[in-house]
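Residues per chain are reported as follows:
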Amino acid sequence: NIELHIGGNIDRIDEKEGVLNIIDYKTGKEEEKNATIEKIFTHDGKTMNYILQSMLYSIAAVDCGISGDAIPSLMYIHKKETANYKDFIVKIDKKPISSINEYRDEFMQNLKSIINEIFNVNTPFSPTDDQDRCSLCPYKQICGR
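What comes next is a walk through the structure.

A word on the pairing of strand β3 (residues 69-76). A large share of β3 lies buried, amounting to eight of its eight residues. Taking every second residue as pointing to the same face, both faces of β3 are buried, with Asp69, Ile71, Ser73 and Met75 on one and Ala70, Pro72, Leu74 and Tyr76 on the other. Sheet analysis places strand β2 (residues 19-26) next to β3, joined by eight bridges and oriented parallel. Bridge pairing in β3 places Val19 opposite Asp69.

In structure tokens form, the structure reads like this:
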């Protein structure tokens with residue numbers, strides 16, 4: 001068993017009727033809208049890091065006992081003036097998440113699987129072919145990119 005400690009900073013938390021809306025501000029370009037739990041964890045070059053992060057924050061808020069339920073949201077700063085508040089809610093299969101608990105088990109199963117793959121000494125490391133991603137990576141010196 002691998003024990004990991006992770007951290008992060010939630011940008012904003014709103015509460016309505018006992019449910020938290022976990023809002024992560026983003027300044028970059030919007031990720032693909034057609035997310036599924038499986039696609040969040042797929043190595044296809046189309047990352048869904050923002051969605052993964054907001055869902056993980058929501059699960060952590062519930063697991064820490066802050067609330068019994070949470071809704072992950074992404075607020076793209078360049079759209080904040082024109083979008084409706086509900087437009088920020090993360091969508092899975094084009095349906096806004098109304099409860100992180102509905103997706104928790106599948107999300108955590110996929111997360112544990114990818115972590116096990118990362119720490120598996122029998123799985124060879126192969127860096128991404130996307131040189132644009134390498135330019136911003138703080139670990140590029142380790143893998144030689």
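Having seen it, we continue.
The description of two aromatic rings rests on the distance between their centres and on the angle between their planes. Evaluated as defined, the whole model comprises two aromatic pairs. Relative to Phe107, the ring of Phe41 lies with its centre 5.2 Å away and its plane at 65 degrees, an arrangement referred to as edge-to-face. Pair noted here: Phe41 is in the loop between α1 (37-40) and α2 (49-63) and Phe107 is in helix α3 (residues 104-119), with a separation of 66 residues, a long-range link. The pair formed by Phe41 and Phe107 is uniform in burial state, with each residue classed as buried. With 6.1 Å between their ring centres and 50 degrees between their planes, Tyr50 and Tyr76 make a pair best called tilted. One end of the pair, Tyr50, is in helix α2; the other, Tyr76, is in strand β3, and 26 residues separate them in sequence. Residue Tyr76 is classed as buried on the basis of its relative accessible area of 6%.

Tallying each qualifying case throughout the model produces four salt bridges. Where Asp24 meets Lys26, a salt bridge forms, and the shortest distance between an N and an O atom there is 2.7 Å. On the basis of relative accessibility, which here comes to 9%, the residue Lys26 falls in the buried class.

Locating Phe119 in the fold gives a position in helix α3. Separated by 88 residues in the primary sequence, Phe119 and Glu31 place their C-alpha atoms 27 Å from one another. For Phe119, the contacting residues outside a window of four places in its chain are Ile2 and Leu4.

Judged by side-chain polarity, Ile2, Leu4, Ile6, Ile118 and Phe119 come together as a nonpolar surface patch covering roughly 530 Å² of accessible area. Inspection of the secondary structure puts Leu4 in the segment before β1 (12-16). Of the residues examined, Leu4 reaches a relative accessible area of 42% and is grouped as partly exposed.

Turning next to the side chain of Asp69. Of note, Asp69 is situated in strand β3. Buried charge without a salt bridge: Asp69, with Arg104 as the nearest opposite-charge side chain at an N-O distance of 9.2 Å. Among the polar contacts listed, one links the side chain of Asp69 to the backbone nitrogen of Ile100, at a separation of 3.2 Å. Side chain to side chain, Asp69 and Asn101 meet in a polar contact 3.3 Å long. Once residues within four sequence positions are removed from consideration, Asp69 is found in contact with Gly18, Val19, Leu20, Val62, Ser98, Ser99, Ile100 and Asn101.

Moving on: the side chain of Ser67. Among the secondary structure elements, Ser67 is positioned in the loop between α2 and β3. The exposure class of Ser67 is buried, given its relative accessible area of 11%. Once residues within four sequence positions are removed from consideration, Ser67 is found in contact with Gly18, Val19, Leu20, Ala61 and Val62.

Rules of the game
Residues numbered from 1 in each chain as written. Predicted model: local features only at pLDDT ≥ 70, side-chain atom pairs only at ≥ 80, totals over all residues. Heavy atoms only, no water. Buried < 20%, exposed > 50% of the residue type's maximum accessible area, 1.4 Å probe, protein only. Helix = DSSP H or I, 4+ residues; strand = E, 2+ residues; numbered from the N terminus. Pairing = 2+ DSSP bridges. Phe/Tyr/Trp six-rings, centres within 6.5 Å; stacked < 30°, edge-to-face > 60°. Salt bridge = Lys/Arg side-chain N within 4 Å of Asp/Glu carboxyl O. Contact = heavy atoms within 4.5 Å. Patch = residues over 30% accessible without salt bridge, like charges linked within 9 Å, V, L, I, M, F, W, Y side chains within 5 Å. Areas by Shrake-Rupley, 256 points an atom, 1.4 Å probe, with all protein chains shown as cover. Lys, Arg positive; Asp, Glu negative; His and termini not counted. Polar contact = N/O pair within 3.5 Å; in protein donor to acceptor, adjacent residues only side chain to side chain.

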